[in-house]
Amino acid sequence: MTRLLHRSIGQTLPRAASARGVYITDTEGRQYLDGSGGAAVTSVGHAHPEVLAAMRAQIDNLCYAHTGFFTTDAAEELAEKLVNLAPEPLNHVYLVSGGSEAVEAALKMARQYFVEVGQPQRRHIIARRQSYHGNTIGALATGGNAMRRQQFQPLLPETHHVSPCYAYRDKGNDETPEAYAARLADELEAKIRELGPDSVMAFVAEPVVGATLGAVAAEADYFKRIRKLCDHYGVLLILDEVMCGMGRTGTMFACEQEGITPDILTIAKGLGGGYQPIGAVMLSSAIYESFANGSGLFQHGHTYLGHPVAAAAANKVVEIIARPETLANVNAMGERLQNGLEAALGASPYVGDIRGRGLFRGIELVADREHKTPFDPARKIHAKVKRQAMARGLISYPMGGTIDGIYGDHILLAPPYTIEPAEIDLLIERITQAIDAAIAE
Ligand code: PMP
């Protein structure tokens, strides 16, 4: 009997023993192609020699110094690097230990900003249904993932939700993408007005939805309209790129492809690439100045923020992602993955949609393609795909559920940015077989 409380109790998991490049090997010697980078974490591949060397150098000198007393080269250099890569006005960085912490800090930054600038009545958070922003109380309250929220509801502060931009299901057949984006912006505007424009603090969204709908990007005009609305009503725009940021979608930040910049941006997963637990919040100069000219501090903090070994690892990971050849490979392999999935699965009666950007791709499975009818949730198709894929030596990230309109079964694929063509082809072969086997079960 295990003494470890696992995510799923009673399930026997293989024990991971080692990892190199795009493969993880278990203690039985079985090799798994890391087709989803775990949960879109592994960015520059496993055991990258440059990252290991950077971590070793840091460990030899300094493993920890509390940020109440010291700053470190590693943390300062990482902040500098991120700011140089990010669009204006994201000029400052706050370092945390993961995605949920980044979202919590982002919410508290938004709140403190309005207190500092004399608008303490602003307190409402608006986010989107079918979103996930983390599992801590504030982040969980922000996300619209009904299944994850369900049993914790009495503990969650009140938040408000509007529709996501999810064209496959929600755009009318004769509606243009522009008209659809305008309709969604109108819905957000109505929500802001209903709550009282002066009481709304922030709108939170993932530029490309990850953990509730596999890899759903917005329609062309959507984020431009959202940015305009937020500006008009003085609401802060928080974009959560914990999963889709750091090169995952083919640009360093996913919002670059939307032509807008948020006031606050959260990143994590790919930033540390799995080498260390790390996340970050990037904030605009206006927010930074409000703290600097106001109370002179950000009223928040964790023991491990700016951890030097995590910062040293992330420093090297970011350096590798920022090399032109890395993002070129994300785009080339992303296209190969999309085209290959379309060729292998595009005609399947059970595949409703294949989508995404860069190496962030989603497959939506349906019982009836013409009517987009989801599978009966009791069949747990997503869980079967995960198991069938593991049996074939493939790690994928299937998800599913039905509460509150979270539709059907989705599979997220997010391999490391270093993946090669033959490995993409193997991924496609294995996921196709796993889907066929899961549906046949
Ligand atoms: N935001 C998004 C968009 C995420 O996908 C996740 C994790 N799936 C989180 C926040 C929470 O991150 P973490 O699990 O590192 O706390």
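Within each chain, residue numbers correspond to sequence positions counted from 1 in written order. This being a predicted model, a pLDDT of at least 70 is required before a residue's local features are given, and a value of 80 or more before pairs of side-chain atoms are given or counted; all residues contribute to the totals for chains, interfaces and linings.

- If you check an unreviewed UniProt entry, the protein chain appears there as Aspartate aminotransferase family protein from Vreelandella sulfidaeris.
- UniProt positions are given in the numbering used here, feature names are shortened, and annotations may be inferred rather than shown by experiment. As its UniProt record puts it under Cofactor (unreviewed entry), the protein chain is described as follows: "pyridoxal 5'-phosphate".
- As stated in UniProt under Sequence similarities (unreviewed entry), the record for the protein chain gives "Belongs to the class-III pyridoxal-phosphate-dependent aminotransferase family."

## Let's talk about the site of the ligand
Okay, step 1: Using the backbone to place each C-beta atom, any residue with that atom within 6 Å of a molecule or strand is considered near it. Surrounding the ligand, one finds 15 residues, the nearest of these being Gly98, Gly99, Ser100, Val242 and Met243.
Okay, step 2: The element contributing the most residues to the shell around the ligand is helix H4 (residues 99-116), with 3 residues.
Okay, step 3: Amino acid classes used here: Ala, Val, Leu, Ile, Met, Phe, Trp, Tyr, Cys and Pro are nonpolar; Asp, Glu, Lys and Arg are charged; the rest, including Gly, are polar. Among the residues making up the shell around the ligand, the classes are represented as 7 nonpolar, 6 polar and 2 charged. To qualify as a helix, a DSSP run of H or I must reach at least 4 residues; to qualify as a strand, a run of E must reach at least 2; elements of each kind are numbered from the N terminus.

## With respect to unusual backbone geometry
Okay, step 1: Following Glu88, the chain continues to Pro89 via a peptide bond in cis, the omega torsion being 0°.
Okay, step 2: Notably, Ala47 is not glycine yet its phi reads approximately 55°, a positive angle.
Okay, step 3: As for its placement among the helices and strands, Ala47 is situated in the loop between helix H1 (37-40) and helix H2 (49-61).
Okay, step 4: Given 12 C-beta atoms within 10 Å, Ala47 falls into the exposed group.
Okay, step 5: One non-glycine residue with positive phi stands out, namely Lys372, at about 55°.
Okay, step 6: With respect to the helices, strands and loops of the structure, Lys372 is situated in the loop between strand S14 (360-365) and helix H14 (381-391).
Okay, step 7: Among the residues examined, Lys372 registers 15 C-beta atoms within 10 Å and is labelled partly exposed. To sort residues by burial, count the other C-beta atoms lying within 10 Å of each one's C-beta; a count of 20 or more means buried, 12 or fewer means exposed, and anything in between means partly exposed. C-beta atoms are built from the backbone.

## Quick notes on the sheet that holds S14
Each strand in a sheet pairs with another by means of backbone hydrogen bonds, the pair being arranged parallel or else antiparallel.
Okay, step 1: Two strands pair if DSSP finds at least two bridges between them. Pairing is antiparallel in the open sheet, where 4 strands are placed in the order S13-S14-S17-S16. Strands at the two margins of the open sheet, each flanked by one partner only, are strand S13 (351-357) and strand S16 (397-400). Neighbour-to-neighbour, the strand axes of this sheet turn through a mean angle of 20°, independent of strand direction.
Okay, step 2: As paired strands, S14 and strand S17 (residues 409-413) are joined by 5 bridges and run antiparallel to one another. From the neighbouring strand, Gly362 faces S17, where its bridge partner is Leu412.
Okay, step 3: With C-beta atoms placed from the backbone, a contact is any residue pair whose C-beta atoms sit within 7 Å. Only the stretch in contact is used when a helix axis is fitted, and all axes are lines through C-alpha atoms; the angle between N-to-C directions ranges over 0 to 180 degrees. On the sheet, H14 packs against S14, S16 and S17 and is oriented at approximately 165° with respect to S16.

## Thoughts on the domain arrangement of the protein chain
Okay, step 1: In this document the domain limits rely on a domain assignment from an automatic tool or a database. Splitting the protein chain by domain gives domain 1 (16-47 + 324-440) and domain 2 (51-322).
Okay, step 2: Between the C-alpha centres of domain 1 and domain 2 there is a distance of 25 Å.
Okay, step 3: Domain 1 puts 38 residues into the contact, and the matching count from domain 2 is 35 residues.
Okay, step 4: Of all the secondary structure elements, the ones that give two or more residues to the side of domain 1 that touches domain 2 are H1, helix H13 (324-345), S13, S14 and S17.
Okay, step 5: Of the residues that constitute the side of domain 1 that touches domain 2, the class distribution is 18 nonpolar, 13 polar and 7 charged.

## Some points on the sheet that holds strand S2 (residues 23-26)
Okay, step 1: Read from one edge of the open sheet, 4 strands run S1-S2-S3-S15, paired in mixed fashion. Pairing within the sheet leaves two strands with one partner each, and these edge strands are strand S1 (16-20) and strand S15 (394-395).
Okay, step 2: Bridge count between S1 and S2: 4 bridges; the pairing is antiparallel. By the bridge assignment, Arg20 is partnered in S2 with Tyr23.

## As for the environment of Ile321
Okay, step 1: Structurally, the position occupied by Ile321 is in helix H12 (residues 308-322).
Okay, step 2: Its 21 C-beta neighbours within 10 Å are what place Ile321 among the buried residues.
Okay, step 3: Taking the C-alpha atoms as reference, Ile321 lies 29 Å from Thr142; in sequence the two are 179 residues apart.
Okay, step 4: Sequence-distant contacts of Ile321, that is, excluding residues within four places in its chain, are made with Ser43, Val44, Met246, Gly247, Met252, Thr326 and Tyr417.

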